[in-house]
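# Breakdown of the fold
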Amino acid sequence: MNEDDLAGRIARVRTAIRAAAARVGRDPDTIVLVAASKGTSQVQVDAARQLGVTVFGENRVQEAYEKFAPPKPGDDLRRRGEVHLIGPLQTNKVKRAVGFFDLIHSVDRLDLAETIGREAARRSITQAVLVQVNISAEATKHGATPDATPSLVAAVRSLPNLSLLGLMAIPPPVDDPEAARPWFSLLRQLAVSLKLSRLSMGMSSDFEVAIEEGASWVRIGSALFGTRRILK
Ligand SMILES: *Cc1c(COP(=O)(O)O)cnc(C)c1O
């Protein structure tokens, strides 16, 4: 991929984000583009950064360490930007994830929340997290079922070294983005009922609908980086 392609794709995604926000009277500055960079190279990440992308989402802890330096005191945060974990987190990777990721989107069970909380306490930091909801309650997906979400949210809120910012979901894949709308709407209603206001939802195929339904973070990979990157 050459950089002109990347620049064009980023510009198109940004325009689409603004247009979707405008359709529902939302301030586009309240929507964060998370560039889902799994399978991309560090060169692509750096190119995206040069083009103004500041937030990246990685699926695997190891791959994230290969592309992003751990934060250190005195870093220019505007230059490093943010790195989020958007993929599932195994308990044995928590030590490396806490403090490395600015936001962990995938807290989906109590033991994981508690392990993150212990590691954050050990380091005297606060780890920002989202609770991942299996919004369609499919047996094969990650995420707490909608029924189990209120108690998980309450437990996360009770952990002093976790800061719960909202909910995240990956609805089942659909051909027509409109078919994802009810899932996004359901996630928003669940969040409202739990007094949470920020939502991580929407990917390349359906982020405009997700924004119309209230997304705060959209996680976009192939619309930015193309589909020919090597998927790990
Ligand atoms: C890969 C991935 C995305 C981005 O998907 P695209 O369809 O490439 O935009 C978003 N969220 C998660 C959790 C992912 O794994």
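Our subject is the structure listed above.
Sequence positions are assigned chain by chain, starting from 1 and proceeding in written order. Residue-level local features of this predicted model are given only where pLDDT is at least 70; pairs of side-chain atoms are given and counted only at 80 or more, and the full residue set underlies all totals for whole chains, interfaces and linings. Here the side-chain values reflect all heavy atoms present in the structure, with hydrogen atoms and water set aside.

### Thoughts on the nonpolar core
Nonpolar side chains in soluble globular proteins generally cluster together in the buried interior. To be explicit about the condition: To define a nonpolar core, start from buried Ala, Val, Leu, Ile, Met, Phe, Trp, Tyr and Cys residues and group those joined through side-chain atoms within 4.5 Å. Think of it in three bands: residues with accessible area under 20% of the maximum for their type are buried, residues over 50% are exposed, and the middle band is partly exposed, with areas taken using a 1.4 Å probe on protein chains only. What counts as a helix is a DSSP run of H or I of at least four residues, what counts as a strand is a run of E of at least two, and both are numbered from the N terminus. In what follows, a contact means two residues having at least one pair of non-hydrogen atoms within 4.5 Å.
Counting residues in hydrophobic clusters, the biggest one holds 63 residues, and the most contacted among them are L89, F101, I104, I116, V156, L167 and I211. The element that contributes the greatest number of residues to this core is helix α1 (residues 3-23), accounting for 7 residues. In this structure L89 touches V61, V94, A97, I104, S106, R109, L112 and I116, once residues within four positions along its chain are discounted. The next biggest cluster of nonpolar side chains, apart from the first, holds 7 residues, and it includes V34, A128, M168 and W217.

### Concerning the site of the ligand
To keep things clear, this is the line we draw: Definition of nearness: a residue and a molecule or strand are near each other if at least one heavy atom of the residue lies within 4 Å of the molecule or strand. Any pair of N or O atoms that falls within 3.5 Å is considered a polar contact. Within protein, one atom must be able to donate a hydrogen and the other to accept it, and sequence-neighbouring residues count only if both atoms are side-chain atoms. The protein chains shown are the only cover counted for residues, whose accessible areas, like all others here, come from Shrake-Rupley with a 1.4 Å probe.
Looking at the ligand, there are 12 residues lining it, with K38, N59, S204, G221 and S222 nearest. Between an oxygen atom of the ligand and a side-chain N or O atom of N59, the distance comes to 2.7 Å. Here an oxygen atom of the ligand and a backbone polar atom of G221 are 2.8 Å apart. If the ligand stood free it would expose 380 Å²; the protein chains cover 85% of that surface.

### Digging into the environment of P28
Looking at where P28 falls in the secondary structure, it is placed in the loop between α1 and β1 (32-36). Residues P28 and S163, 135 residues apart in the sequence, show an inter-C-alpha distance of 24 Å. Ignoring any residue separated from it by four or fewer positions in sequence, one finds P28 in contact with R18 and A21.

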